[in-house]
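Spelled out, the chains give:
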Amino acid sequence: MKDKSIVMLGCFDTKGEDFTYLYQCLDIQNQPLITINTGVMDTSVKFPIDVDNESVAAASGTSLKNIRKSGDRGKAVELMGMGASEILSDLVSKDLIKGVIGMGGGGGTYIILEAMQAVPLGIPKLCLSTVVAKDLSRQIGVKDITMMSSVVDVAGINKISRLLIQQASAAITAMALVKVDTSVTVKKNIAISMFGNTTKCVDKCTELLKDRGYEVMAFHATGVGGATMESLIREGVFDAVLDVTTTELADELCGGILSAGPDRLTAASEMGIPQIVVPGCLDMVNFAQLDTIPQKYKSRELYSWAPDVTLMRTDNIENKILGKQLVNKLKKAKAPVEILIPLKGISQIDSEGDIFYNPEANNALFESIKENAKGHIEVVQMNAHINDEVFAKMLVEHLLKMMK
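Everything quoted here is computed from the prediction, not taken from an experiment.

**A few points about the nonpolar core**
Ranked by size, the top nonpolar core spans 33 residues in total, and within it Val7, Leu9, Ile36, Leu88, Leu91, Ile97 and Val100 carry the most contacts. Of all the secondary-structure elements, those providing two or more residues to this core are β1 (5-10), β2 (33-37), α2 (53-59), α3 (64-70), α4 (73-93), β3 (97-104) and α5 (106-116). The element contributing the most residues to this core is α4, with eight residues. Grouped together as the second largest cluster of nonpolar side chains are 29 residues, Val202, Tyr214, Met382 and Leu400 included.

Pasting the structure below:
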């Protein structure tokens, strides 16, 4: 069986000197290497190229000739990123890689991060980049990518770049050599979603599940957190989902800053794994500082959770829509699913006497859920608050029964 390799990818045409040095640093580590050239110009480097730029362009559905002929730099970057992603996807499917490293400026970083989307969780991914200070959240997405600042431009070897390239090569090699700890055995892996406003519930559920030998992984429902959970569910990481905090649906509906996108609450249904779903924190939409609230929401009930976090209370109309959306996303489930409703409140600040306590708005949500779920999904109500210990115990009991 062929040894797994570390992949080195980037624009070898404009960054030839830098990649030559990176190759030498990796080669000294005595690790098998696969090199992928994502540059579109003629390339002459002093190391072997395993996947040339013609092959990368072809993998994107076009040719290097067409890319050059168009003269469209933006399109070239997009296509070479797509092609590199296809190449890496094929290498992953053949179980040939144990790490990926790339480096570049703006365009090169885009290509590298796009390509790394094809590499699953656990295979280390490192990008040495000139644009680390830039908001790269969209390009990184939900992947476990390590970004490292190049400090100086990737434009030739000097005292600074030489040191940082050495460190980057040592880092990816060390990460690639880490062995998965198989000494800890668990029954199954369970994903759970949480927020500051549902922490007590999630902590208790986690404690109860761990006591029974389950591995529990919590995801902060901050948009990226929910999207990451959905992505890992699709990668087959989990055996069940305890979706306590579905607040990201409210942000998607109202334009809040913590939306996880339209695919939130769909992965478990598609993958056929059991799930318990709670309308946790659907009483709120998340915005940033108070002065960033859209004008149409200025007169709504707002609460400063932190100086940079402003919460808006959802109203009756929004809750009717959210209830329907939540149920519709679950109707396609290929495995058992239940919706559990805590009648006394769905967040820490949605309790009697607190800032977002609004039984009428909650009732609009609960009735919408029950009406749309009728004949499709079992809905269980409990006269408790979401953070009451008795509700957490019920969640765990229902999930374990479902998993059996």
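**Some details on the environment of alanine 373**
Residue position: alanine 373 is located in helix α13 (residues 359-373). Separated by 45 residues in sequence, alanine 373 and asparagine 328 have C-alpha atoms that sit 8.1 Å apart. Apart from residues no more than four positions distant in its own chain, alanine 373 is found in contact with Val327 and Val379.

**So, the sheet that holds strand β4 (residues 125-129)**
Pairing is parallel in the open sheet, where five strands are placed in the order β2-β1-β3-β4-β5. Bordering the open sheet on either side are β2 and β5 (145-149), each of which pairs with just one other strand. Strand-to-strand twist in this sheet, taken as the mean axis angle between neighbours without regard to direction, amounts to 20 degrees. Lying over the sheet, α4 contacts β1, β2 and β3, oriented at roughly 160 degrees with respect to β2.

**A closer look at the pattern of salt bridges**
A pair can form between side chains of opposite charge whenever their charged atoms are brought close. Going through the model one piece at a time under the given rule, you end up with 17 salt bridges. With a closest N to O distance of 3.0 Å, arginine 264 and glutamate 230 form a salt bridge. Here glutamate 230 lies in helix α9 (residues 224-234) and arginine 264 lies in the loop between α10 (248-254) and α11 (267-271), a separation of 34 residues in the sequence. Look at arginine 264 and you get buried, because its relative accessible area is 1%.

**Quick notes on the packing of aromatic side chains**
For the coordinates displayed, the defined rule picks out six aromatic pairs. Seen in terms of ring centroids, phenylalanine 12 and phenylalanine 47 are 5.1 Å apart; in terms of plane orientation they differ by 80 degrees. Their pairing is edge-to-face. With phenylalanine 12 in the loop between β1 and α1 (16-28) and phenylalanine 47 in the loop between β2 and α2, this residue pair connects regions lying 35 residues apart in the sequence. For the pair phenylalanine 12 and phenylalanine 47, a shared accessibility class is recorded, and that class is buried. Each member of the aromatic cluster is reached from another via a ring pair, and the members are Phe12, Phe19, Tyr23 and Phe47.

**Here we look at the sheet that holds strand β11 (residues 302-306)**
The strand order across the open sheet formed by three strands is β10-β12-β11, and the pairing between neighbours is antiparallel. At either end of the open sheet lies a strand with only one pairing partner, and these are β10 (284-287) and β11. Neighbour-to-neighbour, the strand axes of this sheet turn through a mean angle of 30 degrees, independent of strand direction. Note: β11 against strand β12 (residues 309-313), four bridges, orientation antiparallel. Among the inter-strand pairings, leucine 302 is bridged to a residue of β12, identified as methionine 312.

**Things to note about empty space enclosed by the protein**
Any empty space left between atoms is shown by rolling a water-sized probe over those atoms. Inspection of the entire model under this criterion finds one cavity of 30 Å³ or more. The space that makes up the largest cavity amounts to roughly 60 Å³. Considering the residues around the largest cavity, the lining is formed by Asp18, Met103, Leu128, Ser150, Val152, Asp153, Val154, Ser161, Leu164 and Ile165. Considering every element that reaches the lining of the largest cavity, the biggest residue donor is helix α7 (residues 159-176), with three residues. The residue makeup of the lining of the largest cavity, split by class, is six nonpolar, two polar and two charged.

Definitions and cut-offs
- Residues numbered from 1 in each chain as written.
- Predicted model: local features only at pLDDT ≥ 70, side-chain atom pairs only at ≥ 80, totals over all residues.
- Heavy atoms only, no water.
- Core = buried A, V, L, I, M, F, W, Y, C linked by side-chain atoms within 4.5 Å.
- Buried < 20%, exposed > 50% of the residue type's maximum accessible area, 1.4 Å probe, protein only.
- Helix = DSSP H or I, 4+ residues; strand = E, 2+ residues; numbered from the N terminus.
- Contact = heavy atoms within 4.5 Å.
- Pairing = 2+ DSSP bridges.
- Axes fitted to C-alpha atoms, helices over the stretch in contact; angles between N-to-C directions.
- Salt bridge = Lys/Arg side-chain N within 4 Å of Asp/Glu carboxyl O.
- Phe/Tyr/Trp six-rings, centres within 6.5 Å; stacked < 30°, edge-to-face > 60°.
- 1 Å grid on protein atoms, 1.4 Å probe; cavity = no way out; pocket = protein on both sides within 12 Å on 5 of 7 lines; lining within 4 Å.
- Points joined across faces, edges and corners; volume = space filled by probe spheres on them.
- Nonpolar A, V, L, I, M, F, W, Y, C, P; charged D, E, K, R; others polar.

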